[in-house]
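# Commentary on secondary and tertiary structure
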Amino acid sequence: MKLSKKRVIKNQLFRGTLILSSLIVIMPLILIFVFLLQKGSTSLSLDFFLNDPKPVGEVGGGMRHAIIGTLMMVALGSFIAVPVGTLCGVYLSEYGKGKIAQSLRFTIDLLTGVPSIVVGIFSYLIFVVSFKSFSALAGAFALSIIILPIVTRTTEEILKLIPRHVREAGLALGLPRWRVIWNIILRGSRNSLTTGVILAISRAAGETAPLLFTAFGSMYLSFEVTGPMASLPVQIYNYAISPYKDWQQQAWAGSFTLIIIVLGLNLSAKFLFNTKKLKKFFVRKS
């Protein structure tokens, strides 16, 4: 049966609209990446990653302290938020019926939409005001609040995709429910759960406002979590608003480094997800 010319034209028009919409969505990312590559690549060097900042007027210097500080605070925030968020997601998925679960789900949804600057002010009041000092621990706590709702919601939605008969099969074998959840549900979804965690971490890695109120920043490399600590977003902000050309150039280099870190985290999440699909494909073929 031949398709009418009118239907063929409509189909091609619809496909063209979808392709154009996809290009419009991708174009801002490409433009940002190319722009930062042009501005920041000229200032990138080995010294940028291995050295701390130098005083104004001296040539060279880098953002080693800020890169390490960012990695430390994101890692500490993830250490706080990921276990709690995963357990919360498991509860909502496996036991999420009732007023408590509904209230928790509503709270998580609200927490997802809270502006990061409000999270920073809250962490400032909890840690900085109480201990009378800026600290990396306060910054990690602020980042953990940003990571927590994302991990919780992704965990809940991923676990809901597992068919009910898988749970029933485990219970039919005589396993207690916690063993079914741990050995079957969570272990079988670990790649997808890891993907959600990585996406949450990449979301928190580029936050500036919470760290301005908590970790504050430093011009020196520090591993002391109870004191101020440099971070890449805050360092970029401070250098970008400075009147010194060298610092402004390093701000572009730091911006390019930050987007590479975030992009690398997102690509690694996609890689893990695609690896799972490839394994299923080869298992079916064999």
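Above this text sits the structure in question.
Anyway, here's the lowdown on the structure attached to this text.

Now for the overall build of the protein. For the protein, the helix and strand inventory stands at 12 helices and 0 strands. When the helices and strands of the protein are read in sequence order from the N terminus, they spell out α-α-α-α-α-α-α-α-α-α-α-α. The C-alpha extent of the protein, read off along each of the three principal axes, is 75 × 60 × 40 Å. With 286 residues in all, the protein has 36% of them scored as buried.

Turning our eyes to something else, we now look at the packing of helix α7 (residues 164-172) against helix α8 (residues 177-188). Between α7 and α8, the least distance of the axes is 9 Å, while the angle of their chain directions is 125°. With respect to each other, α7 and α8 are oriented oblique. In this structure, α7 crosses over α8, and the sense of that crossing is right-handed. Here V166, R167, G170 and L171 of α7 lie close against α8, whose contacting residues are R177, V180, I184 and I185.

Turning next to the nonpolar core. Counting 21 residues, the largest nonpolar core has M73, L143, I147 and V151 as its most contacted members. Where this core is concerned, the elements lending two or more residues are α3 (64-94), α6 (136-160) and α9 (190-205). Of all the elements, α6 adds the most residues to this core, at 7 residues. Residues F48, I67, L232 and W247 belong to the second largest nonpolar core, which totals 12 residues.

With that settled, the discussion passes to the environment of S4. Structurally, S4 is set in the segment before α1 (5-40). Distance from S4 to P228, taken between C-alpha atoms, is 70 Å for residues 224 residues apart in sequence.

Definitions and cut-offs
Residues numbered from 1 in each chain as written. Predicted model: local features only at pLDDT ≥ 70, side-chain atom pairs only at ≥ 80, totals over all residues. Heavy atoms only, no water. Helix = DSSP H or I, 4+ residues; strand = E, 2+ residues; numbered from the N terminus. Buried < 20%, exposed > 50% of the residue type's maximum accessible area, 1.4 Å probe, protein only. Axes fitted to C-alpha atoms, helices over the stretch in contact; angles between N-to-C directions. Parallel < 35°, antiparallel > 145°, perpendicular 65-115°, else oblique. Left-handed = near helix turned anticlockwise from the far one by under 90°. Contact = heavy atoms within 4.5 Å. Core = buried A, V, L, I, M, F, W, Y, C linked by side-chain atoms within 4.5 Å.

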